[in-house]
Amino acid sequence: MNNFLTSQTMKGSFTYAYGISNFCVLIKRRLVRYLHQSVRCSLKSPLPTSQKAQTPLFLKPPTHTATMRDLQKWHEWAKTCASSVGSSFVDLDNGPDSKLLCRELKWLIEDVVEDQLLASPEHGENYDRDIRLRASIEELYELWKQRIEERRPFQYVVGCEHWRDLVLCVQEGVLIPRPETEKIVDLVSDVVSDNEELKKGLWVDLGTGSGAIAIGIGKILKSWGRVVATDISSLAVEVASVNVQRYGLQDVIELRQGSWFEPLKDMEGKLAGIISNPPYIPSDRISGLQAEVGRHEPRIALDGGVNGIDDLLHLCKGATSMLKPGGFFAFETDGEKQCKYLVDYMETNARGSFCSVKIVPDFADIPRFVTGFRK
């Protein structure tokens, strides 16, 4: 494992990155699809986009048809493309190998074909029978070409990501949530389990992206508490809103657009919890990321400044005035070096403001989170 990225796999997410983590002991279906980096949501500058929230493949109506022969022809072509990659992407930037791409191809078929039984070889030799699809054959050729030739992230190809027990809509302009970030929801669950005041309080998820963390916390708090999720990107807020509505949490989660604490001026000193997975990759390392990340995911969601610590420090400073006494915070970081830096900052520059500050490892036992309470 290198400084700031884990390598895990899960359906709908692929962290190609800096080493295989022992997170795979959690083997779920998710764990094979994620080979992406533990990189975060950002609130730095607006995303110049007019995009609207898009419907993921698995939620689209099956309005297209193709013969079994044409579907198999496409599948053989796509499999040949995937196999031809071999280990070249791994050698280039630790990207996906042919084995993972073939798994992704299987998942793409699952998302696009309405009746899996009809599309299976066991269903007879009638190659002229029609198969109902959620995308046309022409679209499937284009989507797989994008995946292989452009290294477009698989989650953007299918429009969704499997995260915890959620299936979240994602698209270009919105960061793909990573599996190690799931731990931050567990940390909140542990804190509120024996603290009724925090459970009934007001929580914020800063840099919400797809809304993953906010939804995870909202499912824990239910009707007892409330979550405000913010992001500077209007597209991220729109996509998060779609995800919030899909899980029926509109009465628990409120979405606001703006940078970090700016949309929360009416909440100063009132917050029960501040949670964030901010950008923390040092600027000079962005160019070395896998193509799936560096070319396609929003840079403002990755770049944490010269040392990767800019936004984390801003969050620490803001937490001093925004948290109420006894309020909890949890911030995700690059790893051990950044964790120790934040702890030292809080114990020196913010002396007397926080207590019980500690470093918490992720699922791979890598120092990942800094947590604590407002005095």
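Just so it is clear, the structure is predicted and the values come from calculations on it, not from any experiment.

(A) Spotlight on the nonpolar core. Judged by nonpolar contacts, the single largest core of 36 residues is most densely connected at Leu-206, Phe-261, Leu-264, Leu-271, Ile-274, Phe-331 and Met-346. Broken down by secondary-structure element, the contributors of at least two residues to this core are strand 7 (202-206), strand 10 (271-276), helix 11 (310-322), strand 11 (323-332) and helix 12 (336-348). Take this core: its biggest share by element is six residues, from helix 11.

(B) Quick look at the confidence of the model for the protein chain. Across the protein chain, pLDDT averages 87, with 85% of residues at or above 70. Counting contacts from residues 1-50, a segment whose pLDDT is below 50, to residues more than four positions away or on other chains yields 236 contacts.

(C) Looking closely at the packing of aromatic side chains. Tallying each qualifying case throughout the model produces five aromatic pairs. Ring geometry for Trp-203 against Phe-328: centres 6.2 Å apart, planes inclined by 50°, an arrangement best described as tilted. Linking Trp-203 in strand 7 with Phe-328 in strand 11, this pair joins segments that are 125 residues apart in sequence. Judged on exposure class, the residue Trp-203 and its partner Phe-328 are both buried. A centroid spacing of 5.2 Å and a plane angle of 70° characterise the contact between Phe-329 and Phe-354, whose relative ring orientation is edge-to-face. Note that Phe-329 is positioned in strand 11 and Phe-354 in strand 12 (residues 354-361), a separation of 25 residues in sequence. Taken together, the ring pairs connect Trp-203, Phe-328 and Phe-373 into an aromatic cluster. Over the ring of Phe-363 we find Lys-183, and its NZ or CZ is 5.7 Å from the ring centre. Here Lys-199 stacks its cationic end above the ring of Trp-224, 4.0 Å away from the centre of that ring.

(D) Inspection of the pattern of salt bridges at higher detail. Considering all chains together, one arrives at 20 salt bridges under this definition. Taking the shortest distance from any N to any O, the salt bridge between Arg-132 and Glu-114 comes out at 2.7 Å. Here Arg-132 is found in strand 4 (residues 130-133), whereas its partner Glu-114 is found in the loop between helix 3 (98-112) and strand 4, with 18 residues between them in sequence. By relative accessible area, Arg-132 is classed as partly exposed at 43%. A salt bridge links Glu-297 to Arg-178; the shortest N-O distance between them is 2.6 Å. Highlighted residues: Glu-297 in the loop between helix 10 (291-294) and helix 11 and Arg-178 in the loop between strand 6 (166-169) and helix 6 (182-193), separated in sequence by 119 residues.

Reading the values: the criteria
Residues numbered from 1 in each chain as written. Predicted model: local features only at pLDDT ≥ 70, side-chain atom pairs only at ≥ 80, totals over all residues. Heavy atoms only, no water. Core = buried A, V, L, I, M, F, W, Y, C linked by side-chain atoms within 4.5 Å. Buried < 20%, exposed > 50% of the residue type's maximum accessible area, 1.4 Å probe, protein only. Helix = DSSP H or I, 4+ residues; strand = E, 2+ residues; numbered from the N terminus. pLDDT = per-residue confidence, 0-100. Contact = heavy atoms within 4.5 Å. Phe/Tyr/Trp six-rings, centres within 6.5 Å; stacked < 30°, edge-to-face > 60°. Lys NZ or Arg CZ within 6 Å of the ring centre and 35° of its normal. Salt bridge = Lys/Arg side-chain N within 4 Å of Asp/Glu carboxyl O.

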